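Summary of structural features
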Amino acid sequence: MDVLDLSARQLAAAIARRELRAVDAARAYLDAIAAADGEVRAYLRVTPDRALADATAVDAGIERGVAAPPLGGVPAAVKDNMCTLGVETNCGSRVLAGFVPPYESTATSRLWQAGAALLGKTNLDEFAMGSSTENSGFFKTRNPRDRGTVPGGSSGGSAAAVAAGEALLALGSDTGGSVRQPAALCGVVGMKPTYGRVSRWGLIAFASSLDVIGTLTRDVGDCALALGVIAGHDPRDATCAASPVPDFLAALEAGEAGAAGVRIGVPREYLGPGIEPAVRDAVTRAVGVLEAAGAGVDECSLPHTEHALAAYYIVAPAEASSNLARYDGVRFGHRAAAGGDLYDMYCWTRGEGFGPEVKRRIMLGTFALASGYYDAYYRKAQQVRALVARDFAAAFARFDVLAAPTSPTVAFPLGSRAGDPLAMYMSDALTIPANLAGIPAISVPCAADGLPVGLQLLGPAFSEALLLRVGHAYERAAGTTFSRARAAGRETPRGREGGTGR
Amino acid sequence: MSVGEQYQVVIGLEVHVELATRTKAFCSCPVAFGAPPNTLVCPVCLGLPGALPVVNERAVEYAVRAGLALNCHIAATSLFARKNYFYPDLPKGYQITQYESPLASGGQIEFAAGGEQHRVGITRVHLEEDTGKLVHQPGGGSLVDFNRCGVPLLEIVSEPDIRSAEEARLYLQELRTLLLFTGISDVRMEEGSLRCDANISLRAAGGPPGTLVEVKNMNSFRSVKLALEHEAARQARLLSAGERIVRETRHWDETRGITFSSRSKEEAHDYRYFPEPDLPPLALDPGYVERVRAALPELPAARRERLQRQYGLPPYDAGVLTATPQLGDFFEGCARLHPDAKTVSNWLLGDVLRILNETRREIQDSPLTPAALSRVLGLIDAGTISGRTAKPLLEELVRAGGDPDQLAVKLGLLQISDEAALQATVDEVVRACPEVAADFRAGKEKALTFLVGQVMKRTAGRANPQLVNRLLRERLAGGTPGGGQGGGQGGGRS
């Protein structure tokens, strides 16, 4: 048995039973990174010493007879927009190059408390602004399933690391689809929880009212395990919900109900023009699998979907323009060497430090908030946002869960949308509405062959347990199992080694 | 003032008050003055990436307290907002404040001054955070100290109801007293815990509103009055000369006694306000607001009225005793121990305040206690000391404290009420001043005053004046020394 083939649940259990040492698991993953990351480039920074130290501590605890923590010895990667104490965190931006946080984000600190080992910090679109990870201020990450294509974004590094077997689980953040879309494109499970389910303390803000930390895992079971660890109230985030966190994994393992009796709505706006036939076919088949497993399926409508993208591109840049004001060269990060007065320092620091997409969004947001434009843009966008949320509320009066594609397309070739921001923005058309409404959504791989496709399941606020149950039911009914992307070149995510897609 | 009858002065004040919370508005860093630079900071108030604000509950309570004291409506839901601008003392690049929905609005302050009743509307009261401080280096360059960054501030905006510079000063004085009573701030203008900006315009009689000018950098009550007097006169001069008032911000220069235009390239600020997404709307349920209202201490207007009613004090005394809550508390503490409240007030407002002023102290900073003051008054009443010798005793008590009885002995202030002892001095004085004695015998009553004075002088002020008076009258009426059997009885007891 190859250590790298174990799920997080299996690995933690094996370590707890002393069949495997955490430090050996960490070494295996560090070796996998060494072997594959030269080409995939999922990591901005690998932290071998830290991984081995974390793992050694878990082994020592188990030696002493301390009860093994839930993620004891699980090698994990963290998107580089979450602050890690003493480990450089630069958000994929030159403006933050060299920034070493003096504090730890809540989500990551819960990972370490649960026994996970930090393998390193993963690549992302600068400040999480993008859908391909091509906007990283440092380098591009490749999709391990097809290295000529993008891994999606902005959590492309985290998704690629999990898909390539360079990490057993990873954290990402999802502002408009940044966990789900790369999960779909890389053939892994991506969960965007309810806004407020996971603390944002220590998450470097892009758009504060939309940002949510999520998980990237091999399967739905690992997703339940990881989400249970990072979710829950945090007094340091005023927007973090006090709502109790159920034992997601125990519910999955105990529940045999599966998809039976679950009412699933399929919003017609999510299968309209612009959706690639391969995507539409895979998702339609996946919904059929759930129906065969006992779910009730019907079409529904979310009429304001077409306005969601536009509203998002007002709200998110507006918040970003304010959130990114602190990168001024005064206290940390990059400061331009050029002389001159204060104004020059600001201009040169920000001019040199930010990449073109970040600058574009800062300008968009600055205009949207300008006095005289505020009502026409920001206020109007917030009204649209309320309408999008109302659409969902109406749909959830009839359905338990909505099913849709995660991304309109499969992974696209590197560079193919780089010059066309609007085409790039369309990548998130099907994921953005959940962020605007603050509801949870999960992306589960559903392609039988070819490049990965994500089945997106959306539920009402705090319905993560139900989404996990339905996602898990789909995995079982479809017989999908995770397989690591290994060889260079084009490769399918599943089915070839581990069973059938259907 | 030269503005004359031609123009009406229209003033609105914008006051910032630093709240006396233990910790900052949105993080748990301590609020303290004088700490070494950048020692009272954390990821939140330094605006580090990923740090998030959490509202200080005590700051909210203080803001509600102030809103209620200012007769405002407290919003069931108010919103925090971001005010965006770049400056090195503003680490996040925005200030967390309130914009569209402030915590409190629609209040008013009423006060009497100069025999007139004044009423100034309060537009809004909201909570925000302070900035850091730039320290400009003599050799060029600037350093930033973020200790003050994130200290909670209350912004109190008045309606343009103020009609003169003097009324502005009175409003500010009244506002300060009111806030002192609520206990939310130490409101010291000189230390920057109370700051004031003004909007001032002139309006021709019956004409449209004039152009607003903002005046900043007024650092004392006096400078508010001087700056606004100057600015009103400046505007009147321009208008009378047929010139136009420019809408601008002007700084008060205290040493030159003028305002000057402070336009800079940042003048056309667009703060791009929008609701703060890191903080949920601030919802205050009516029960909470009522609990804060119930816990409000007695406010100055109510105390002023009560001091007059309960102790029979004249309005002037009640007004001075209400300048700070501590002064009134002190008075009431004494009045409980001494039967004559007006006498207590006279001594407190007279000698005690004088000595406090000389030593630049507030009543609460002095070791003098209500019990000690009332004991001093008791000693005067008993004739143990005189009103005159009470003064050095009070000096000592205000400066250093102590036991009044022991101090009176130690300082040799005890009144001489021993008839035999005084008789000798009386005899001496009568012998030494035969002409004056003769004047008195001839019916000149005033001559006696001189003779009493002489006795007081020879006893260093310690002689019981009533007794001296009686002894002198007896002596000059031809009585023998020591005569008047019953005299001793009345001696020191009046």
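Residues numbered from 1 in each chain as written. Chains lettered and ligands numbered in written order. Predicted model: local features only at pLDDT ≥ 70, side-chain atom pairs only at ≥ 80, totals over all residues.

What to know about the environment of P367 of chain B
Residue and element names in this part refer to chain B. Defined as follows: Under the DSSP-based scheme used, a helix requires at least four consecutive residues in state H or I and a strand at least two consecutive residues in state E, with every element numbered from the N terminus. Each residue is classed by its C-beta neighbour count within 10 Å, where at least 20 other C-beta atoms makes it buried, 12 or fewer makes it exposed, and intermediate counts make it partly exposed; the C-beta atoms are placed from backbone geometry. We call two residues in contact if the C-beta atoms placed from their backbones are at most 7 Å apart.
Looking at the element boundaries, P367 is found in the loop between α8 (341-358) and α9 (370-381). On the basis of neighbour counts, which here come to 13 C-beta atoms within 10 Å, the residue P367 falls in the partly exposed class. Distance from P367 to P286, taken between C-alpha atoms, is 42 Å for residues 81 residues apart in sequence. Not counting the four nearest positions on each side in its chain, P367 is found in contact with A400 and G401.

Section: the domain arrangement of chain B
Residue and element names in this part refer to chain B. The criterion, for reference: For the domains described, the bounds stem from an automatic or database domain assignment.
Each assigned domain of chain B is listed here: domain 1 (7-288), domain 2 (298-410) and domain 3 (419-490). Placing the centre of domain 1 and that of domain 2 at their C-alpha centroids yields a distance of 36 Å. With five residues of domain 1 at the interface, the matching set in domain 2 holds six residues. Ranked by residue count, the leading element in the side of domain 1 that touches domain 2 is helix α2 (residues 165-182), at four residues.

Thoughts on the confidence of the model for chain A
For the record, the criterion: How sure the predictor is of each residue is captured by pLDDT, a score from 0 to 100.
When the pLDDT values of chain A are averaged, the result is 94; 97% of them are 70 or greater. This model gives residues 489-502 of chain A a pLDDT under 50, and the stretch forms 38 contacts once residues within four places in sequence are excluded.

What about the pairing of strand β6 (residues 212-217) of chain A?
Residue and element names in this part refer to chain A. Rules: At least two bridges found by DSSP between two strands is the condition for calling them paired.
In terms of burial, β6 is largely enclosed, as six of its six residues are buried. Across the two faces of β6 the burial is the same, with V212, G214 and L216 and I213, T215 and T217 all buried. Here strand β4 (residues 169-174) pairs with β6 via six bridges, running antiparallel. Within the sheet, the bridge partner assigned to D174 lies in β6 and is V212. Relative to β6, strand β5 (residues 189-192) runs antiparallel, the two sharing three bridges. In the strand pairing of β6, V189 is matched with T217.

Observations regarding the sheet that holds strand β1 (residues 7-18) of chain B
By definition, the strands of a sheet pair up through backbone hydrogen bonds, in either a parallel or an antiparallel sense. Residue and element names in this part refer to chain B. Here is the rule: Lines fitted to C-alpha atoms define the axes here, with helix axes fitted over just the stretch in contact, and angles between the N-to-C directions of these axes take values from 0 to 180 degrees.
Reading across from one edge, β2-β6-β7-β10-β1-β11-β12-β13-β14 is the order of the nine strands in this open sheet, with mixed pairing throughout. Sheet topology places β2 (73-74) and β14 (258-261) at the edges, where each strand pairs with a single neighbour. As judged from the four bridges shared by strand β11 (residues 194-204) and strand β12 (residues 213-218), these two strands associate in the antiparallel manner. For I200, the partnering residue across the bridge sits in β12 and is V213. Those strands touched by α2 are β1, β6 (104-113), β7 (116-129), β10 (152-158) and β11, and its axis lies near 110 degrees from that of β6. Sitting on the sheet, helix α3 (residues 221-240) touches β1, β11, β12, β13 (248-253) and β14, and the angle it makes with β11 is about 25 degrees.

Here's the deal with unusual backbone geometry
With omega at 10 degrees, the peptide bond leading from G153 of chain A into S154 of chain A counts as cis. One non-glycine residue, N217 of chain B, adopts positive backbone phi at about 65 degrees. Relative to the helices and strands, N217 of chain B is located in strand β12. At R360 of chain B, a position not held by glycine, the phi torsion is positive, near 50 degrees. Tracing the chain through its elements places R360 of chain B in the loop between α8 and α9.

Quick notes on the nonpolar core
Stated formally: Buried Ala, Val, Leu, Ile, Met, Phe, Trp, Tyr and Cys residues form a nonpolar core when they are connected through C-beta atoms within 7 Å.
Residues A76, L119 and L290 of chain A are the most contacted members of the largest nonpolar core, which totals 242 residues. Among the elements that make up this core, the one with the highest residue count is helix α2 (residues 22-40) of chain A (ten residues). In this structure, L119 of chain A is in contact with Y29, L30, I33, V46, T47, A51, P75, A76, A77 and A167 of chain A, ignoring residues within four places of it in sequence. Residues L321, A372, L379 and A390 of chain B belong to the second largest nonpolar core, which totals 28 residues.

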